[in-house]
There are 2 protein chains.
Amino acid sequence: MLSNQSKYAIRAILCLAINSDSKKKMGSKEIAEKIDIPAPFLAKIFQSLSKAKLIQSIKGPNGGFYLTKAEKQNNLLDVIACIDGLDKFNECFIGLPKCSDEYPCAIHHIVSPFKTKLTEELTSKTIADFAEETKNGKSYIFLK
Amino acid sequence: MLSNQSKYAIRAILCLAINSDSKKKMGSKEIAEKIDIPAPFLAKIFQSLSKAKLIQSIKGPNGGFYLTKAEKQNNLLDVIACIDGLDKFNECFIGLPKCSDEYPCAIHHIVSPFKTKLTEELTSKTIADFAEETKNGKSYIFLK
DNA sequence: TTTATATTATGATAATTATCATGTTTTATA
DNA sequence: TATAAAACATGATAATTATCATAATATAAA
């Protein structure tokens, strides 16, 4: 349902949301180390996110990545859409090319409400919201 | 969460449950064509299922695959466990190596109840149950 | 006992995804 | 203006997954 790339992107962007702003940028290596994922891979992911205007990237000394206030108001489905595309996210759980409420797969009635709920959560809550929860110790983005 | 192999395995074993018994076996090619998946790949999947005693395979002329009554009482999580293993099925949605009720990821509270429910459905309902629903037109295993 | 049919077993190829490495460009600052 | 620190861009490698092909084995029936 999600590629590793998307998973990493979500964790990384939450990390940025928590620790960065225009005055306090972060290097991709620093973040990669923090959330324990391969650094060059994250660099590549950040390029995609940057092109899609989901994160800020500043070159040169004291450069790095950060999120503007506006960008912290984006949601996580934007991130998934940017990396994986939404087709992958929406595909049928047991791989039917067409699976719908009208012609459902065997477990559609379980998966469908979940996906609805998840999609709602991933669109209605902002990155800032998720970051806040993590700050408050309600959830985590790295666990060794 | 599920590999293509598991997805195919589920659809194929349901196809078997619906169309086969000890007197009416099915060839793997026939099934592959019916549910529109690559035939040699299904043959490989059937080997695994056969070794795990989840399906019957009879060699020679008029041979083929089928499910005994007992095998129709198995559940779909057995199939997933056989092909992917349960680790893959249970892994965190955003890839945290350790994600639990105590130390949850950002969306654990959504994913966790879903997984509980899905696991329950996939263990409590038998293959025969799912097959019955498909026979009754309540769900589908192939849709072009 | 031979033959045809079907699975079994194994390995080769292809495609995708993930990871790593390198050189280029940008830009703040000394 | 030179330098160094950082992202950018690109491509190479590795690992995993999916797909395809072929030879071996088993067995019912002629």
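Residues numbered from 1 in each chain as written. Chains lettered and ligands numbered in written order. Predicted model: local features only at pLDDT ≥ 70, side-chain atom pairs only at ≥ 80, totals over all residues. Heavy atoms only, no water.

Description of the relation of the copies chain B and chain A
Point 1. The two copies are related by a screw operation: chain B maps onto chain A through 180° of rotation and 0.0 Å of translation along the axis, at an RMSD of 0.0 Å. Expressed as an axis order, the relation between the two copies is that of a two-fold axis.
Point 2. The fraction of interface residues of chain B whose copies in chain A are also interface residues reaches 100%, indicating that both copies meet through the same surface. (Least-squares fit on C-alpha atoms with pLDDT ≥ 70 in both. Contact = heavy atoms within 4.5 Å.)

Overview of the side chain of Ser-139 of chain B
Point 1. Assignment of secondary structure puts Ser-139 of chain B in the segment after α7 (127–135).
Point 2. Within the local environment of Ser-139 of chain B, its side chain forms a polar contact with the side chain of Thr-134 of chain B, the two groups lying 3.2 Å apart.
Point 3. Each residue touching Ser-139 of chain B, except ones within four places of it in the same chain, is listed here: Pro-104, Cys-105 and Ala-106 of chain A together with Glu-133 and Thr-134 of chain B. (Helix = DSSP H or I, 4+ residues; strand = E, 2+ residues; numbered from the N terminus. Polar contact = N/O pair within 3.5 Å; in protein donor to acceptor, adjacent residues only side chain to side chain.)

Observations regarding the state of the cysteines
All names here are of chain A.
Point 1. Throughout the structure, instances matching the rule amount to 0 disulfides over all chains.
Point 2. Counting only cysteine sulfurs, Cys-92 is the nearest neighbor of Cys-99, a cysteine outside any disulfide, at a range of 3.8 Å.
Point 3. Residue Cys-99 is classed as partly exposed on the basis of its relative accessible area of 24%. (Disulfide = S-S within 2.5 Å. Buried < 20%, exposed > 50% of the residue type's maximum accessible area, 1.4 Å probe, protein only.)

A closer look at the protein's contact with DNA strand C
Point 1. The immediate surroundings of DNA strand C are formed by 26 residues, with Asn-4 and Phe-41 of chain A together with Lys-44, Gln-47 and Ser-57 of chain B found nearest.
Point 2. Sugar and phosphate atoms form 66% of the subset of DNA strand C atoms that lie within 4 Å of the protein.
Point 3. In the model, a base oxygen of DNA strand C is placed 2.7 Å from a nitrogen or oxygen of the Lys-44 of chain B side chain.
Point 4. Measuring from a base nitrogen of DNA strand C, one finds a side-chain N or O atom of Gln-47 of chain B at 3.0 Å.
Point 5. Secondary structure elements with two or more residues in the surface near DNA strand C: α1 (4–19) and α3 (39–51) of chain A together with α3 (39–51), β1 (56–58) and β2 (64–66) of chain B.
Point 6. It is α3 of chain B that provides the largest number of residues to the surface near DNA strand C, a total of 4 residues.
Point 7. Class assignment of the residues belonging to the surface near DNA strand C gives a composition of 9 nonpolar, 12 polar and 5 charged. (Near = heavy atom within 4 Å. Nonpolar A, V, L, I, M, F, W, Y, C, P; charged D, E, K, R; others polar.)

Focus: the interface of chain B and chain A
Point 1. Taken together, the contact pairs 38 residues of chain B with 38 residues of chain A.
Point 2. Between chain B and chain A the total buried area reaches about 3,300 Å² when both faces are included, carbon and sulfur atoms providing 72% of it.
Point 3. Across the pair Glu-91 of chain A and Lys-7 of chain B runs a salt bridge whose closest N-O atoms are separated by 3.8 Å.
Point 4. Taken together, the links from chain B to chain A amount to 6 residue pairs in polar contact (both at pLDDT 80 or more).
Point 5. Top element by residues in the side of chain B that touches chain A is helix α6 (residues 108–124) of chain B. It accounts for 8 residues.
Point 6. In terms of residue class, the side of chain B that touches chain A is built from 25 nonpolar, 3 polar and 10 charged. (Buried area = accessible area lost by both parts, 1.4 Å probe. Salt bridge = Lys/Arg side-chain N within 4 Å of Asp/Glu carboxyl O.)

Remarks on the pattern of salt bridges
Point 1. Throughout the structure, instances matching the rule amount to 6 salt bridges over all chains.
Point 2. Notably, a salt bridge pairs Lys-125 of chain B with Glu-121 of chain B, separated by 3.6 Å at the nearest N-O pair.
Point 3. The structure contains a network of salt bridges with shared partners spanning Glu-121, Lys-125 and Glu-133 of chain A.

Side note on the confidence of the model for chain A
Point 1. In this model, chain A carries an average pLDDT of 92, and 99% of its residues clear a pLDDT of 70 or more.
Point 2. Highest mean pLDDT in chain A belongs to helix α6 (residues 108–124) of chain A (96); lowest belongs to helix α2 (residues 28–35) of chain A (89). (pLDDT = per-residue confidence, 0-100.)

Topic: the packing of aromatic side chains
Point 1. Taken as a whole and assessed by the stated rule, the structure comprises 9 aromatic pairs over all chains.
Point 2. For the ring pair Tyr-103 of chain A and Tyr-140 of chain B, a centre distance of 5.4 Å and an interplane angle of 75° mean the geometry is edge-to-face. Of the two residues, Tyr-103 of chain A sits in the loop between α5 (86–90) and α6 while Tyr-140 of chain B sits in the segment after α7, which places them in two different chains.
Point 3. Exposure remark for Tyr-103 of chain A: the relative accessible area of 40% places this residue in the partly exposed category.
Point 4. Classification of Tyr-140 of chain B by relative accessible area gives partly exposed; the value is 23%.
Point 5. Here the aromatic rings of Phe-46 of chain B and Phe-65 of chain B are separated by 4.6 Å at their centres, their planes lie at 50°, and the arrangement is tilted. (Phe/Tyr/Trp six-rings, centres within 6.5 Å; stacked < 30°, edge-to-face > 60°.)

Observations regarding the protein's contact with DNA strand D
Point 1. Residues in contact with DNA strand D amount to 26 residues; listed here are only the nearest, Lys-44 and Ser-57 of chain A together with Phe-41, Lys-59 and Pro-61 of chain B.
Point 2. Sugar and phosphate atoms form 64% of the subset of DNA strand D atoms that lie within 4 Å of the protein.
Point 3. The contact in question runs from a phosphate oxygen of DNA strand D to an N or O atom on the side chain of Ser-57 of chain A, over 2.2 Å.
Point 4. Note that a sugar or linking oxygen of DNA strand D is positioned 3.4 Å from one of the backbone N or O atoms of Gly-60 of chain A.
Point 5. Residue assignment for the surface near DNA strand D shows that the elements contributing at least two residues are α3, β1 (56–58) and β2 (64–66) of chain A together with α1 (4–19) and α3 of chain B.

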